[in-house]
Amino acid sequence: MKAVRLHAYHEQPVVEEVPEPKIGGPLDVIVKIGGAGVCRTDLHIILGQWAAAMGVAMPYTLGHENAGWVHEVGSAVTNVQVGDTVILHPTPTCGLCRACRAGQDMHCIASSFPGLSRDGGMAEYLLTSARACVKLDPRTRPRDVAALADAGITAYHAVRKAIPLLYPGTTCVVIGAGGLGHIGIQCLAALTATTIIVVDRSPDALKLAEQLGAQHTLTGGRGAEVVLDFVAEEGAEADGFAMTARAGSYYVIGYGGTLHIPTLDIISTERNIIGNIVGTYNELAELMVLAEAGKVTLHTRDYPLDAAPEALADLDAGRVRGRAILVP
Ligand SMILES: [Zn+2]
Ligand SMILES: [Zn+2]
C-alpha cells in the first residue's frame, strides 16, 4: 500500500510503497483510511520537536487524525464490525491502568500514538485497537470528520474544561482561528453563552471566525475570564497571558513558545495556566454528536495521498483555510 513516510528529521516525507499492517493481537483493528488530517503537529514532527518525547524509529508513517472504515478485526473485538464507519481516538489505550479506568485516555501509561510513536494513518490502512474506535453514522464521510480525531478533540477538550467558567456575561478570547481554533469557536457557540472574541493575524481566518459565531468586541481592558490559546508561539503566549483577567484562566493548546511570567504576577492576580493534550474517548464521542447534528463543521480541503508534500507545504505557508485532508 501507499504511505507518507518520514525518513529523517528536517527532510520532507515521501510517498512510497510499504507492506499492509497485519492483525497481531485479539483487540487489534485495521481501518481502511477514508481521510487523514494534515496537522501543524506534522510540521513540528518533521522539525524533530517530538523526537525526544516519542523516540520513534525511522522511517515511519505520519498521520494522527484518522477516520475510515473497519477493514479487519482481531478475534476478541466485539464493538465494531468489518464495514463500520469509524473515527479513531488518537491514542489507542490499555483500558487497565488507573487513568484509563477514570476515563482519562490521554494519560494512559501504556498507550501509543499512531503518527507520532508508530505508523500513522497517512496511508491506505492503519493498525489501531478496538478501544480507539468511535462508531459513526454510516452516512458520515470519513474525510469530512477525520480532523476531529485530533484537532477537534483537542479543541473540544479545552472548551469542555472551561464550561463552568463561561457563564453568561463572560468573555472568552480565542487566539488563532486555524485548524483547531475554528473548531473551538463552534464548540464555544454550541455549549456556552460566553462572548467570543477572536484574535488572528490572517484576515481570512477572522472572516471564517465571524461566520462561525465569533463577535468582535473589546474587553474594556479588564481581560477575559478565559483565553484559549491555539497558537502559543511567536509571542502569542505572552499576549494570551496578558489578556487573561484577574482570577481568569489561560489555556495553552497550541505550543512551541515559552512562557516567562514572574510568579508575583501569578499570585497577585490569581491567574491560572492550564495545559491541554488531546481529550478523552467520551469527548470524541460527544464531539461526533455535535458534528452529526451539523453544529460543528470542518472547513476542509482534500488532497490525494500522493499530494501530501504539497498539503504540508500549503499548511506551512498559511495557504490552508480550515484543514487539509489526505484522501487515499
Ligand atoms: Zn493533529
Ligand atoms: Zn491505560
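All figures in this text were calculated on a predicted structure; none of them were measured in a lab.

**Q** I'd like to hear about the sheet that holds strand 2 (residues 14–17), residue by residue, with values.
**A** Strand order across the open sheet formed by three strands is 2-1-4, with antiparallel pairing between neighbours. Single-partner strands in this sheet number two, and they are strand 2 and strand 4 (60–61). Note: strand 1 (residues 2–6) against strand 4, two bridges, orientation antiparallel. Note on strand 4: the bridge partner recorded for Arg5 is Thr61.

**Q** Residue-level account of the pattern of salt bridges, with values.
**A** Counted under the stated rule, the structure contains 13 salt bridges. Between Arg143 and Asp302 there is a salt bridge, with its nearest N and O atoms 3.1 Å apart. Of this pair, Arg143 sits in helix 4 (residues 142–145) while Asp302 sits in strand 14 (residues 300–304); the two residues are 159 residues apart in sequence, bridging distant segments of the chain. Here Arg143 falls in the partly exposed class, since its relative accessible area comes to 27%.

**Q** Account for the sheet that holds strand 9 (residues 171–175), with residues named and values stated.
**A** Pairing between the strands of a sheet is mediated by backbone hydrogen bonds and can be parallel or antiparallel. With parallel pairing, the five strands of this open sheet are ordered in space as 10-9-11-12-13. Among the strands making up the open sheet, the edge pair consists of strand 10 (195–199) and strand 13 (272–275). Each strand of the sheet is rotated relative to its neighbour by a mean of 20 degrees, with strand direction disregarded. Bridge count for strand 9 against strand 11 (residues 224–229) is four bridges, and the pairing is parallel. Paired with Val173 across the bridge in strand 11 is Val227.

Definitions and cut-offs
Position labels on residues start from 1 in each chain and follow its written sequence. Chains and ligands are labelled sequentially in the order written, the chains with letters from A and the ligands with numbers from 1. At least 70 in pLDDT is required for a residue's local features to be given in this predicted model, at least 80 for side-chain atom pairs to be given and counted, and no such filter applies to totals for whole chains, interfaces and linings, which use all residues. Just so you know, side-chain values use all the structure's heavy atoms and leave hydrogens and water out. The pairing criterion for strands is at least two bridges between them, as found by DSSP. To qualify as a helix, a DSSP run of H or I must reach at least 4 residues; to qualify as a strand, a run of E must reach at least 2; elements of each kind are numbered from the N terminus. Salt bridge, as used here: a side-chain nitrogen of Lys or Arg that lies within 4 Å of a carboxyl oxygen of Asp or Glu. Note on classification: 1.4 Å probe, protein chains only; a residue is buried when its accessible area is under 20% of the maximum for its type, exposed when over 50%, partly exposed between these limits. Angular values range over 0 to 180 degrees, each being the angle between N-to-C directions of two axes fitted as lines to C-alpha atoms, with helices fitted over their stretch in contact.

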